[in-house]
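Architecture at a glance
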Amino acid sequence: MARGSGARRPRSTLAVRGQPPAAVGSEGLVRRDLRHLAGYAPIEPPAALSQETGLEPARIIKLDGNENPYGPSPRARAALASLDCAHLYPDPEQRELRRALADYLGVGAEHIVAGAGSDDLLDLLARLFLAPGDRIINCVPTFGMYSFLAEVQGARVTEVRRTPDHEVDVEAVARALDRRTKLIFLAAPNNPTGNLLPRKHLERLLELPIVVVVDEAYVEFSGTAGFAALVPGHSNLVVLRTFSKWAGLAGLRVGYGVFPPPIAARLMLIKQPYNVNVAAQAAALASLEDVAHLLRNVQRLVKERERLYGKLSRLPFLEALPSRANFILCRLLRGEAASLHQRLRQRGIFVRYFDTPLLRQHLRISAGRPEDTDAVIATLKEFGREL
Ligand SMILES: Cc1ncc(COP(=O)(O)O)c(C=O)c1O
């Protein structure tokens, strides 16, 4: 089955460099259901990309991870530079950060749990709710992490295709439930299609006997307030957010969720006690004091997304999807997306390609700096001339 937008990861370099699995005595002890897990396909860091292309890291154009090229805010940089507690464990109760997030969002701190990126919170939710044989609903194409984490738990994934305009097919979701279905994960805006989740769809999904996890990693780019304010009124709604995108802290790994208090309390019990490190906590707190600065960068990226969209729309060999996030999904109408992906790589331009049945003819391009847009468009035009 297709795993949403997550492409397969190349076999672990550790496994290649170490002994082959057959010679490792513990292999037979590994959980049978995990022995053939393909794994999540992550993006590579600039140093690896620079080695691959032979280009200086500064010449790499990184539009594959929806990262924020403007980086942390001045206050977050200052907080990191003056960090004086790296030798001490962080607060396992995340008191200061949860308080600050509660004030920022206007909900009680009992609703909040922070994590090492929102990936950590997705993982915690999977661990809290999914026993082997349980099910999640995955509305594909979407973020590959949901099905990956469910499979690591030994859970099953029921795929429900989005409609041709990439909306969640709410009635198909309702029909797909069985008594083992526990969770539905919905990115809003969705990655990689960039569209929002209409409130009436969410309201219908909340009537179902499952936990609805709305993943708002890109909400700051969407021009909407998102659904965090609805959490206190619902016992089965979770909203996840991150500092990775709008606040430029992807490398520090810090995200948070707004949960019904009973779920938050259980997550606090099962999480790693020190899951948010001191540098990440300090940078996140400082970012919350520099929101105006960070939102100006968000506006720059939204403007660049629209400029990129305008330029992509004028290319006759592809179709660009309008997006409310900081990336744009393109479908190639002529030529092969895989070879265009390769061509861009050779030029040091990295965009996301998903080798999955639903997305094989697509590329996802992050909104970056204006010069990044210009470089990617120049290579796309060159490719188009040869078709
Ligand atoms: C929809 C979605 N959710 C969550 C994440 C992970 O974010 P974080 O860096 O907070 O783990 C991403 C990252 O690309 C994403 O696209």
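Residues numbered from 1 in each chain as written. Predicted model: local features only at pLDDT ≥ 70, side-chain atom pairs only at ≥ 80, totals over all residues. Heavy atoms only, no water.

**Notes on the sheet that holds strand β11 (residues 349-353)**
Where we set the bar: Strands are labelled as partners when DSSP assigns at least two bridges between them. Note on conventions: DSSP H or I runs of at least 4 residues are helices, E runs of at least 2 residues are strands, and numbering of each starts at the N terminus. Fitted lines through C-alpha atoms give the axes, limited to the stretch in contact for helices. The angle between two N-to-C directions lies from 0 to 180 degrees.
Taking strand neighbours across the sheet as the criterion, the 5 strands line up as β1-β11-β12-β10-β9 in an open arrangement whose pairing is mixed. Because the sheet does not close on itself, it has two edges, and the strands there are β1 (61-63) and β9 (318-320). Geometrically, the sheet is characterised by an average inter-axis angle of 30 degrees between neighbouring strands, direction not taken into account. Inspection of the sheet shows β11 paired to strand β12 (residues 362-366) by 2 bridges, in the antiparallel sense. Considered in β12, the bridge of R352 is made with R364.

**A look at the domain arrangement of the chain**
Here is the rule: Per the annotation, domain bounds derive from an automatic or database assignment of domains. Should any heavy atoms of two residues lie within 4.5 Å, those residues are considered in contact. Buried area is a sum: the accessible area each of two parts loses on coming together, probed at 1.4 Å, counted once for each and added. Should a side-chain nitrogen of Lys or Arg be within 4 Å of a carboxyl oxygen of Asp or Glu, the pair is scored as a salt bridge. Contacts described as polar in this section are N or O atom pairs within 3.5 Å, which, within protein, must combine one atom able to donate a hydrogen with one able to accept it, while residues neighboring in sequence count only if both atoms come from side chains.
Taken domain by domain, the chain comprises domain 1 (41-70 + 293-385) and domain 2 (76-289). The partner domain 2 presents 23 residues to the 23 residues of domain 1 that form the contact. Both faces considered, domain 1 and domain 2 share a buried interface measuring about 1800 Å² in area, 65% of it formed by carbon and sulfur atoms. When the buried surface of domain 1 facing domain 2 is broken down by residue, L294, R324 and L358 rank first, second and third, together holding 33% of it. In this structure, the connection of domain 1 to domain 2 is made through 0 salt bridges. Scanning the region where domain 1 abuts domain 2 turns up 9 residue pairs in polar contact (both at pLDDT 80 or more).

**Thoughts on the site of the ligand**
Applicable threshold: By convention in this text, a residue qualifies as near a molecule or strand provided that one of its non-hydrogen atoms is within 4 Å of it. Per-residue accessibility takes into account occlusion by the displayed protein chains alone, with areas from the Shrake-Rupley method and a 1.4 Å probe.
In the region of the ligand, 14 residues are neighbours, and S118, D215, Y218, T242 and S244 sit closest. In this structure, an oxygen atom belonging to the ligand sits 2.6 Å away from a main-chain N or O atom of S118. Within the side chain of K245, a nitrogen or oxygen atom sits 2.9 Å from an oxygen atom of the ligand. In isolation the ligand has 400 Å² of accessible area, and contact with the protein removes 92% of it.

**Some remarks on the side chain of D134**
Just so we agree on the cut-off: Here's how the labels work: a residue is buried when its accessible area is under 20% of the maximum for its type, exposed when over 50%, partly exposed in between, all with a 1.4 Å probe on protein chains only.
Structurally, D134 can be placed in the loop between α5 (117-129) and β3 (135-140). Judged by relative accessible area, D134 falls into the buried class, the value being 4%. At 2.7 Å, the side chain of D134 and the side chain of K182 are in polar contact. Excluding its chain neighbours within four sequence positions, the residues that come into contact with D134 are F129, A155, R156, R180 and K182.

**Let's talk about the packing of aromatic side chains**
Each aromatic ring pair is summarised here by two numbers: the centre-to-centre distance and the angle between the ring planes. Where we set the bar: Under the pairing criterion, centres of Phe, Tyr and Trp rings, with the six-membered ring standing for Trp, must be within 6.5 Å; the plane angle then separates stacked pairs below 30 degrees from edge-to-face pairs above 60, leaving the rest tilted.
Counted under the stated rule, the structure contains 10 aromatic pairs. Ring geometry for Y40 and F148: centres 6.0 Å apart, planes at 45 degrees, overall tilted. Placement of the pair is Y40 in the loop between α1 (13-17) and α2 (46-53) and F148 in helix α6 (residues 145-152), with a sequence separation of 108 residues. The exposure class assigned to Y40 is buried, which follows from its relative accessible area of 14%.

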